[in-house]
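# Secondary and tertiary structure notes
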Amino acid sequence: MKKIFYIVLLFWFSVNMSAQLGYKKFFISAGLTGQYMTAPKYTGYDINLTAIPRYNLVELSLESTISIEARPQIGVGFRNWYIYREYDEQYPARISYSLPVILNLNWGLNAEENSLNLLGFYAGVGYSISNVISNEPPYDPIYGLVIDAGMHMEGSPISHVSVMYTIGNDGSRIYSFGFYYDF
């Protein structure tokens, strides 16, 4: 509980400090994310609707910022359950969710609202948790370190493309690819 309090306090302090600097701080994107996951007892894939609220913590220059973002996702998940090739079962579609929180370094387009570039790039690290809502196996969540990279494009119906790699607990991995629209 003490750690959560310090994280909230640090976030609140960052928000208040950056508000004094007078640049656009809040951006939002929305779209679709596809995930493929491997875990010790199952494999699976999810197709999720995704919202990406992003808050710029620090403006490094007119073309680069450091930001924090959350990517809440909800959609449909499928899992194939197996144990040492003794049996192989496929479970029906279930509601899936994922919540990565990422600290990114942004450069170029959409890093700041006054960028002169037609392309923008970002990369970052964070923490994620993913699972399906179920009362039967496989229902163990995958959580761990997430590595993120992406690109913003001007004049395209899909203005934001992203890849994420989650190094999860117990040797699990999640590979994500998303298409988004920047508002």
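In case you missed it, the structure is sitting above this.
Let us look at the structure shown here. (Residues numbered from 1 in each chain as written. Predicted model: local features only at pLDDT ≥ 70, side-chain atom pairs only at ≥ 80, totals over all residues. Heavy atoms only, no water.)

Regarding its fold elements, the chain presents one helix and 11 strands. Listed N to C, the secondary structure of the chain is α-β-β-β-β-β-β-β-β-β-β-β in terms of helices and strands. Within the chain, buried positions represent 42% of all 183 residues. Residue pairs in contact within the chain that sit at least 24 positions apart in sequence constitute 58% of those at least 6 positions apart. A total of about 10,400 Å² of accessible surface is found on the chain, and carbon and sulfur atoms cover 69% of it. (Helix = DSSP H or I, 4+ residues; strand = E, 2+ residues; numbered from the N terminus. Buried < 20%, exposed > 50% of the residue type's maximum accessible area, 1.4 Å probe, protein only. Contact = heavy atoms within 4.5 Å. Areas by Shrake-Rupley, 256 points an atom, 1.4 Å probe, with all protein chains shown as cover.)

Here we come to the nonpolar core. Of all hydrophobic cores here, the largest spans seven residues; its members are Met37, Ala39, Tyr42, Trp81, Tyr91, Ile142 and Ile174. Sequence-distant contacts of isoleucine 174, that is, excluding residues within four places in its chain, are made with Gln35, Tyr36, Met37, Ser130, Ile142, Met164, Tyr165 and Thr166. (Core = buried A, V, L, I, M, F, W, Y, C linked by side-chain atoms within 4.5 Å.)

Another aspect to go through is the packing of aromatic side chains. Inspection of the entire model under this criterion finds five aromatic pairs. Centre to centre, the rings of phenylalanine 177 and phenylalanine 179 are 4.9 Å apart; their planes meet at 90 degrees, and the pair counts as edge-to-face. Its relative accessible area of 40% is what places phenylalanine 179 among the partly exposed residues. One cation-aromatic arrangement involves arginine 54 over phenylalanine 27; the distance from NZ or CZ to the ring centre is 4.3 Å. (Phe/Tyr/Trp six-rings, centres within 6.5 Å; stacked < 30°, edge-to-face > 60°. Lys NZ or Arg CZ within 6 Å of the ring centre and 35° of its normal.)

What follows covers the layout of surface pockets. Its boundaries defined by the atoms lining it, the second largest pocket holds a volume of some 260 Å³. Forming the walls of the second largest pocket are 16 residues, and the residues nearest its centre are Leu109, Asn110, Glu154, Asp182 and Phe183. Listed by contribution, the elements that provide at least two residues to the lining of the second largest pocket are β9 (142-153) and β11 (173-182). Of the residues contributing to the lining of the second largest pocket, the split by class is five nonpolar, six polar and five charged. (1 Å grid on protein atoms, 1.4 Å probe; cavity = no way out; pocket = protein on both sides within 12 Å on 5 of 7 lines; lining within 4 Å. Points joined across faces, edges and corners; volume = space filled by probe spheres on them. Nonpolar A, V, L, I, M, F, W, Y, C, P; charged D, E, K, R; others polar.)

What follows covers the environment of glycine 150. For glycine 150, the position within the fold is in strand β9. The buried category is assigned to glycine 150, whose relative accessible area is 13%. Sequence separation between glycine 150 and valine 161 is 11 residues; the distance between their C-alpha atoms is 5.5 Å. When sequence neighbours within four positions are dropped, the list of residues in contact with glycine 150 reads Gly120, Phe121, Tyr122, Val161 and Ser162.

Attention shifts here to empty space enclosed by the protein. Applying the stated criterion to the full structure yields one cavity of 30 Å³ or more. The computed volume of the largest cavity comes to approximately 60 Å³. Lining the largest cavity are 13 residues, and of these Ser29, Arg54, Glu69, His152 and His160 lie nearest its centre. Residue assignment for the lining of the largest cavity shows that the elements contributing at least two residues are β1 (26-38) and β2 (42-61). The element best represented in the lining of the largest cavity is β1, accounting for three residues. Here the lining of the largest cavity is built from residues that sort into four nonpolar, five polar and four charged.

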